[in-house]
Amino acid sequence: MADTLEQARLRDSFIKEELPKIKIEGIDVDKVYVDKIIEKAPERGKIIDIGTGNAHIPVKLINRNRNLEIFTIDLSKASVRIAKENCSFSDKIHVLRADGHNLPFRDSVFDEVIVRLAPHSIKEAYRVLKEGRCYIHRACGIYNCWKEIHEIFGERAMPYATAEWWKTSEGRLERYEMRGFKIVYEMSFLVKKYYTMDQIVMEMKFNPIVRDFDPKKDKHKLKELERKYKTKWGIRITGDPLILFARK
Ligand SMILES: C[S@@+](CC[C@H](N)C(=O)[O-])C[C@H]1O[C@@H](n2cnc3c(N)ncnc32)[C@H](O)[C@@H]1O
């Protein structure tokens, strides 16, 4: 499920150019995520971001605190290439190609492990974290952040929603406790976003939101989405993002 170069470039331009234009009704959860990472990290903390994509979160973090040291990893060669370009301004961000299920680091070396919507192993996250330190996972709840897409595309929506690293079923917090984490809790949100159709299609091309998505073959579905959910601000997409915290 690692990104191709085309997907990685699309993601990069979507995050830089389109995301800031999308109207949000509710809390800006990614801002809360970044605030919490900064709040819980020591002043000169060492952080790992697993499945970093284009490293847009590490860039935000280093701009908030230049004393942090961030190791940022992704399995996709393409994402690593773009992440390196985006982080070239700082010698405090190290970009590596690695698998979130098998981290190339010794035990207990990080002050924080962070993950935003990416495959990884909870066991590995626990292993590389220092005692008493925090793992912070930005995930989604039962709608998987795309409620209206689910309604229109049915079981083709979110093929990765049952993956271990994403699973939002009951027992999510207990899974972390079973791995040894001591304090586990989460903040959950309900957010509405208003997209143009072009923005939805663009995001569906680089994020596996719908299995085998093809804008041409799926044009009737997209029309139905527009007809049902178009508002004066754009096409409404309801999400239930969450931020999970687990302390070792
Ligand atoms: C939905 S994107 C999220 C990217 C970034 N965290 C963000 O929030 O923009 C998922 C990322 O996980 C990466 N990925 C997929 N499988 C992985 C694995 N086994 N280990 C590390 N990264 C992986 C993909 O290449 C992609 O960049």
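Conventions used here
- Residues numbered from 1 in each chain as written.
- Predicted model: local features only at pLDDT ≥ 70, side-chain atom pairs only at ≥ 80, totals over all residues.
- Helix = DSSP H or I, 4+ residues; strand = E, 2+ residues; numbered from the N terminus.
- Rg over C-alpha atoms; globule rule 2.2 N^0.38 Å.
- Contact = placed C-beta atoms within 7 Å.
- Buried ≥ 20, exposed ≤ 12 C-beta atoms within 10 Å, placed from the backbone.
- Near = placed C-beta within 6 Å.
- Nonpolar A, V, L, I, M, F, W, Y, C, P; charged D, E, K, R; others polar.
- Axes fitted to C-alpha atoms, helices over the stretch in contact; angles between N-to-C directions.
- Parallel < 35°, antiparallel > 145°, perpendicular 65-115°, else oblique.
- Left-handed = near helix turned anticlockwise from the far one by under 90°.
- Expected span 1.5 Å × (residues − 1).
- Arc of directions from axis to C-beta.

Okay, the overall build of the protein chain next. Helices and strands together make up the secondary structure of the protein chain, namely nine helices and eleven strands. The globule rule puts the C-alpha radius of gyration for 248 residues at 18 Å, and the 18 Å found for the protein chain is close to it. Judged by the C-alpha coordinates and their principal axes, the protein chain covers about 50 × 40 × 30 Å. Residue pairs in contact within the protein chain that sit at least 24 positions apart in sequence constitute 70% of those at least 6 positions apart.

Of note, Ser 188 is situated in strand 7 (residues 183–188). Residue classification places Ser 188 among the partly exposed residues on the basis of 15 C-beta atoms within 10 Å. Along the chain, Ser 188 and Ile 122 lie 66 residues apart, while their C-alpha atoms are 20 Å from each other. Residues contacting Ser 188, with those up to four places away along its chain left out, are Gly 141, Asp 240 and Leu 242.

Phi at Ala 55 takes a positive value of approximately 65 degrees, unusual for a residue other than glycine. Inspection of the secondary structure assignment puts Ala 55 in the loop between strand 2 (46–50) and helix 3 (56–64). Taking the C-beta count within 10 Å as the criterion, Ala 55 has 26 such neighbours and is therefore assigned buried. A positive phi angle, near 50 degrees, is found at Ser 108, a position not held by glycine. Considering the arrangement of structural elements, one finds Ser 108 in the loop between strand 4 (93–97) and strand 5 (110–116).

What follows deals with the site of the ligand. In the neighbourhood of the ligand, 20 residues make up the surrounding shell, with Gly 51, Gly 53, Ser 76, Gly 100 and Ala 118 lying closest. Of the residues belonging to the shell around the ligand, the class tally is seven nonpolar, nine polar and four charged.

This part is about the packing of helix 1 (residues 5–18) against helix 4 (residues 77–87). The angle between the axes and the distance between the axes are what describe a pair of packed helices. Between helix 1 and helix 4, whose axes approach to 8 Å, the crossing angle comes to 40 degrees. Overall, the two elements helix 1 and helix 4 adopt an arrangement that is oblique. Crossing of helix 1 over helix 4 shows right-handed handedness. Of the residues in helix 4, those in contact with Leu 5, Ala 8, Arg 9 and Asp 12 of helix 1 are Ala 78, Ser 79 and Ile 82.

With that out of the way, let us pick up the environment of Ile 152. Looking at the element boundaries, Ile 152 is found in helix 6 (residues 147–153). In this structure the C-alpha to C-alpha distance between Ile 152 and Val 32, which are 120 residues apart in sequence, comes to 30 Å. Not counting residues up to four positions away in its chain, the partners in contact with Ile 152 are Lys 221, Glu 224 and Leu 225.

So, on to helix 1. With 14 residues, helix 1 should reach 20 Å at 1.5 Å per residue; the first-to-last C-alpha distance of 19 Å fits that figure. Listed as buried for helix 1 are Ala 8, Arg 11 and Asp 12. Considered in projection along helix 1, the buried side chains sweep an arc of 95 degrees and stay on one side of the axis. Residues Glu 6 and Glu 17 are exposed on helix 1 and point more than 90 degrees away from its buried face. Close packing links the buried residues of helix 1 with helix 4 and helix 8 (197–206).

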